[in-house]
Amino acid sequence: MSGDLRTDLIVAAKHFYDRGWMAGTAGNLSARLPDGSFWITASGRQKGQLTDSDFIRMSSEGAIVEQPVPDSRPSAETSIHLAVYDCFPGAKACYHVHSIEANLVSRLTAGDSVPLPAIEMLKGLGVWEENPQVAIPLFANYLEVPKIAKEICEYFAVCEPSVPALLIRDHGITVWADSTAAAYNYVEIVEYIFRYTLAASQLNLNLRC
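Residues numbered from 1 in each chain as written. Predicted model: local features only at pLDDT ≥ 70, side-chain atom pairs only at ≥ 80, totals over all residues. Heavy atoms only, no water.

A. Region of interest: the overall build of the protein chain. Helices and strands together make up the secondary structure of the protein chain, namely five helices and nine strands. Counting from the amino terminus, helix and strand elements in the protein chain follow one another as α-β-β-β-β-α-β-α-β-β-α-β-β-α. Compactness check: the protein chain gives a C-alpha radius of gyration of 16 Å against a globular reference of 17 Å for 209 residues, within 12% of the reference. Along the longest, intermediate and shortest principal axes, the C-alpha atoms of the protein chain span 55 × 35 × 35 Å. Residues counted as buried form 49% of the 209 residues belonging to the protein chain. Long-range pairs, those at least 24 residues apart, make up 62% of the contacts in the protein chain with a sequence separation of at least 6. When the accessible surface of the protein chain is summed, it comes to about 9800 Å², and 53% of that surface belongs to carbon and sulfur atoms. (Helix = DSSP H or I, 4+ residues; strand = E, 2+ residues; numbered from the N terminus. Rg over C-alpha atoms; globule rule 2.2 N^0.38 Å. Buried < 20%, exposed > 50% of the residue type's maximum accessible area, 1.4 Å probe, protein only. Contact = heavy atoms within 4.5 Å. Areas by Shrake-Rupley, 256 points an atom, 1.4 Å probe, with all protein chains shown as cover.)

B. Molecular detail of the sheet that holds strand β3 (residues 55-58). Pairing within the open sheet is mixed, and its nine strands lie in the order β4-β3-β2-β1-β5-β9-β8-β7-β6. A strand with exactly one partner marks an edge of an open sheet, and here the two such strands are β4 (64-66) and β6 (113-116). Neighbour to neighbour, the strand axes of the sheet diverge by 25° on average, direction disregarded. Pairing between strand β5 (residues 93-97) and strand β9 (residues 172-177): five bridges, direction antiparallel. Each residue of the ladder has a partner; that of Tyr-95, found in β9, is Val-175. Helix α5 (residues 180-202) contacts β1 (28-32), β5, β6, β7 (134-139), β8 (165-168) and β9 of the sheet and is inclined by roughly 145° relative to β9. (Pairing = 2+ DSSP bridges. Axes fitted to C-alpha atoms, helices over the stretch in contact; angles between N-to-C directions.)

C. Representation of the side chain of Thr-197 in the model. On the secondary structure map, Thr-197 appears in helix α5. Overall, the relative accessible area of 5% leaves Thr-197 in the buried class. Of the polar contacts made by the side chain of Thr-197, one reaches the backbone oxygen of Ile-193; its length is 2.8 Å. (Polar contact = N/O pair within 3.5 Å; in protein donor to acceptor, adjacent residues only side chain to side chain.)

D. Looking closely at the pattern of salt bridges. Tallied over the entire structure, the rule returns nine salt bridges. For Asp-18, the salt bridge goes to Lys-14, with nearest N and O atoms at 2.7 Å. Here Lys-14 and Asp-18 lie together in helix α1 (residues 5-18), a separation of four residues that amounts to about one turn. Using a relative accessible area of 37% as the deciding quantity, one classes Lys-14 as partly exposed. When the shortest N-O distance is used, the salt bridge between Arg-45 and Asp-54 registers 2.8 Å. Here the residues in one salt-bridge network are Asp-35, Arg-57 and Glu-66, joined through shared partners. (Salt bridge = Lys/Arg side-chain N within 4 Å of Asp/Glu carboxyl O.)

E. Main features of the packing of aromatic side chains. Counted according to the given criterion, the structure contains ten aromatic pairs. When the centroid spacing of 6.1 Å and the interplanar angle of 75° are considered together, the rings of Phe-16 and Tyr-95 count as edge-to-face. Of this pair, Phe-16 sits in helix α1 while Tyr-95 sits in strand β5; the two residues are 79 residues apart in sequence, bridging distant segments of the chain. Take Tyr-95: its relative accessible area is 0%, and that puts it in the buried class. Centre to centre, the rings of Phe-38 and Tyr-85 are 5.1 Å apart; their planes meet at 50°, and the pair counts as tilted. Of the two residues, Phe-38 sits in strand β2 (residues 38-41) while Tyr-85 sits in helix α2 (residues 78-87), which places them 47 residues apart along the sequence. Neither Phe-38 nor Tyr-85 differs from the other in exposure class; each is buried. (Phe/Tyr/Trp six-rings, centres within 6.5 Å; stacked < 30°, edge-to-face > 60°.)

F. A look at α1. Compared with the 20 Å implied by 1.5 Å per residue over 14 residues, the 20 Å span of α1 between its first and last C-alpha is a close match. Along α1, the residues classified as buried are Leu-5, Arg-6, Asp-8, Leu-9, Ile-10, Ala-12, Ala-13 and Phe-16. Close packing links the buried residues of α1 with β1, β2, β3, β5 and α5. Its side-chain oxygen 2.9 Å from the backbone nitrogen of Arg-6, Asp-4 forms the N-cap of α1. A positive phi of about 85° marks Gly-20, the residue just after α1. (Expected span 1.5 Å × (residues − 1).)

In short, geometric facts, not functional conclusions.
In structure tokens form, the structure reads like this:
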């Protein structure tokens, strides 16, 4: 983790862009400062070429605190980051990416959660059980992003997450962690699990065995 959290976000965004998980201007990353404010990618920025000026610092109430480029706007999905930070006070980073695999996995069930296969990679998300029964919550995708954020808040107000991640149907994953480095790893692990899930589905394997 660097002194300026924006450096960590720039490195992560370039990596995710190169993997095809932040194509075009898709996705958004944020990191929280000790005072509760957080840096988040500005709207419409190409994620493979970010600089320090491509971020906006937001307060914990959703107001702009610092705006390096006067006419820049916060990410359209800032409300999701606000929801995550509100639900999980220990979260210091929130990463949201759009991958093909995540969108396909979100179509494998009509329910409100996606069961995850009991594979070794779950340990990377903090699951250290024998044959764990783990699922990732699945939320509907709405044009009005604050409506998604509202449902996220309502869900986590009554349900404890089994892994630090959520999935929005036909949209992408969001992960949170106590550091930018951990959030980076969580994205990679969840995307690996989704690739495994799709491959297993094509082979008609029973993932609950």
